[in-house]
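Coordinates in review
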Amino acid sequence: MVPFLLYGGKMIIPRKSALGNRVEIQKPNTETILKVFSRAQGGKYANSMASLLEGSIESFEGEKVSLTHLKQLPLVSAEFIAVEAFKLYGLPTKLEGVYPCPRCDFKIIHEEKDGADNRPDLNDFQVIYDDPEESYESEFFKLSLEEGNEVSIKVKKSKQDEEETEVATLTEYIFSDITLGTMMEIENDTTLKDSSSHLKKAYYMHLVDVNGNTTEDLDLKTLKSRYGYMIMNFPDVSDFFSISEGMRRFGIQPYVPMCCPDCKKEWEQVVDFASFFVYALRSSQSKNTGKSIGTKTRIR
Ligand SMILES: [Zn+2]
């Protein structure tokens, strides 16, 4: 782990982007925070994060940045910058939560109550940095499927065909980092119903290469356009989870060690960054008594 790094007043982001990895932030102004509030209340976590970054980033690699640039930031780096901006503004970095024990369903509550506080603090989470000397592409995430778990694409070649023909067997996948822009796009896509379809679309959009056998000469672009989501139909769900972990290998590691007081089961709980973000904003509203920034309708 690299400690918090500073290069001439600039901050190093954990996962570099295609544009570089040095960023300079300033305390966001009230107008920015109000805009972030309003978007977060509408359930748009990535869009509100983009607003926060727009209002907090002074320069990126010494240059002014536009929203187009920000959209190219790896999501894990965007989250890191968002937390740093939270700190500059004095927004809370602790997270309330209720987590059921995976064995006995006992509910563990993280809260501040009667002087006791067991809420995890984002400041305590480990941050993993990539190697700033390596090229951006060298660290793309590779998933090798075990034998027997390969993804096989079978289709009926014509309407008359009774049987499906195998057109490709995929054994290895390479993904680039999920970007802030991708998350914004997914969030704004109302046809995606649940979080698993959100994730699938994100992985699909960031699938940059595949390895395996194809019966014809099919490159990735052709595979994607012809067979769409079939290429992401992993027979083993653990491969799906591996991609999630791979995408989170840099940046804030949102894992909290848990122990059930009832049955003593131990596990690692993943803290959902999206809900943290919304929660932190909400709780900061109630923090300043007499200085409330107002109701939902007044903000809009
Ligand atoms: Zn338990």
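Rules used throughout
- Residues numbered from 1 in each chain as written.
- Predicted model: local features only at pLDDT ≥ 70, side-chain atom pairs only at ≥ 80, totals over all residues.
- Helix = DSSP H or I, 4+ residues; strand = E, 2+ residues; numbered from the N terminus.
- Buried ≥ 20, exposed ≤ 12 C-beta atoms within 10 Å, placed from the backbone.
- Contact = placed C-beta atoms within 7 Å.
- pLDDT = per-residue confidence, 0-100.
- Domains from an automatic or database assignment.
- Nonpolar A, V, L, I, M, F, W, Y, C, P; charged D, E, K, R; others polar.
- Core = buried A, V, L, I, M, F, W, Y, C linked by C-beta atoms within 7 Å.
- Axes fitted to C-alpha atoms, helices over the stretch in contact; angles between N-to-C directions.
- Parallel < 35°, antiparallel > 145°, perpendicular 65-115°, else oblique.
- Pairing = 2+ DSSP bridges.

Concerning the overall build of the protein chain
Looking only at helices and strands, one finds 10 helices and 16 strands in the protein chain. Along the first, second and third principal axes, the C-alpha atoms of the protein chain reach 75 × 55 × 40 Å. Counting only residues that meet the buried cut, the protein chain has 28% of its 300 residues in that class. Considering only intrachain contacts with a sequence separation of at least 6, the fraction spanning at least 24 residues in the protein chain is 73%.

Looking at the confidence of the model for the protein chain
Within the protein chain, residue pLDDT values average 85, and 91% of them lie at 70 or more. Here residues 1–5 is a poorly scored stretch, pLDDT under 50, and it has five contacts once near neighbours within four places are set aside; other chains count. The low-confidence segment residues 287–300 (pLDDT under 50) makes 10 contacts with residues lying over four places distant or belonging to another chain.

Remarks on the domain arrangement of the protein chain
Accessible area lost during the coming together of the parts is what is often quoted as the interface size. Each domain of the protein chain was delimited in the assignment, giving domain 1 (6–130 + 250–299) and domain 2 (137–247). Here the C-alpha centroids of domain 1 and domain 2 sit 29 Å apart. Each partner contributes residues to the interface: domain 1 has 15 residues there, and domain 2 has nine residues. Put simply, the parts of the chain that give the side of domain 1 that touches domain 2 at least two residues each are α2 (45–56), α3 (67–71) and α4 (75–89). With five residues, α2 is the largest single contributor of residues to the side of domain 1 that touches domain 2. Partitioning the side of domain 1 that touches domain 2 into residue classes produces nine nonpolar, two polar and four charged.

Observations regarding the nonpolar core
With 58 residues, the main nonpolar core has Met-49, Leu-53, Ala-78, Ile-81, Ala-82, Leu-180 and Phe-277 as its most contacted residues. For Ala-78, the residues in contact, after removing those within four places along its chain, are Met-49, Leu-53, Leu-73 and Leu-180.

Here we look at the packing of helix α1 (residues 30–41) against α2
It is at 8 Å that the axes of α1 and α2 come closest, and there the two elements cross at 175 degrees. Considering their axes alone, α1 and α2 lie roughly antiparallel with respect to each other. Each of Thr-32, Lys-35, Val-36, Arg-39 and Ala-40 in α1 lies in contact with α2, whose residues at this interface are Tyr-45, Asn-47, Ser-48, Ser-51, Leu-52 and Gly-55. Considering only residue class, the contact of α1 with α2 consists of four nonpolar, five polar and two charged.

Section: the pairing of strand β15 (residues 255–259)
Here five bridges tie β15 to strand β16 (residues 266–270), and the two strands are oriented antiparallel to one another. The partner of Cys-259 across the bridge, within β16, is Glu-266. Counted between consecutive antiparallel strands, the loop separating β15 from β16 contains six residues, among which Lys-264 sits at a positive phi close to 70 degrees.

What about the environment of Gly-212?
With respect to the helices and strands, the residue Gly-212 is situated in strand β13 (residues 207–214). In this structure, the C-alpha to C-alpha distance between Gly-212 and Asn-149, residues 63 residues apart in sequence, is 12 Å. Ignoring sequence-local partners within four residues, the contact set of Gly-212 consists of Glu-150, Ala-168, Thr-169, Leu-170, Thr-171 and Glu-172.

Looking at helix α5 (residues 180–187)
Residues of α5 that are buried include every one of Leu-180, Gly-181, Thr-182, Met-183 and Met-184, and no others. Of the surrounding elements, those touching the buried residues of α5 are α2, α3, α4 and α6 (195–205).

Some points on unusual backbone geometry
Of note in the backbone geometry, Glu-61 takes a positive phi value of approximately 55 degrees without being a glycine. Among the secondary structure elements, Glu-61 is positioned in the loop between β4 (57–60) and α3. Residue classification places Glu-61 among the partly exposed residues on the basis of 14 C-beta atoms within 10 Å. Even without being a glycine, Asp-105 presents a positive backbone phi close to 70 degrees. Its location among the elements puts Asp-105 in the loop between β5 (97–100) and β6 (107–110).

A look at the environment of Ile-108
Note on placement: Ile-108 falls in strand β6. Note on Ile-108: 17 C-beta atoms within 10 Å, which makes it partly exposed. Through-space distance from the C-alpha of Ile-108 to that of Val-98 is 5.6 Å; in sequence the pair is 10 residues apart. Apart from residues lying up to four places away in sequence, Ile-108 is in contact with Tyr-99, Cys-101, Met-258 and Cys-260.

Observations regarding the environment of Leu-67
Examined against the element boundaries, Leu-67 turns out to sit in helix α3. Take Leu-67: there are 13 C-beta atoms within 10 Å of it, and that puts it in the partly exposed class. The sequence separation of Leu-67 and Ala-50 amounts to 17 residues, and the corresponding C-alpha distance is 7.6 Å. Among all residues touching Leu-67, those that are not within four sequence positions of it are Ala-50 and Glu-54.

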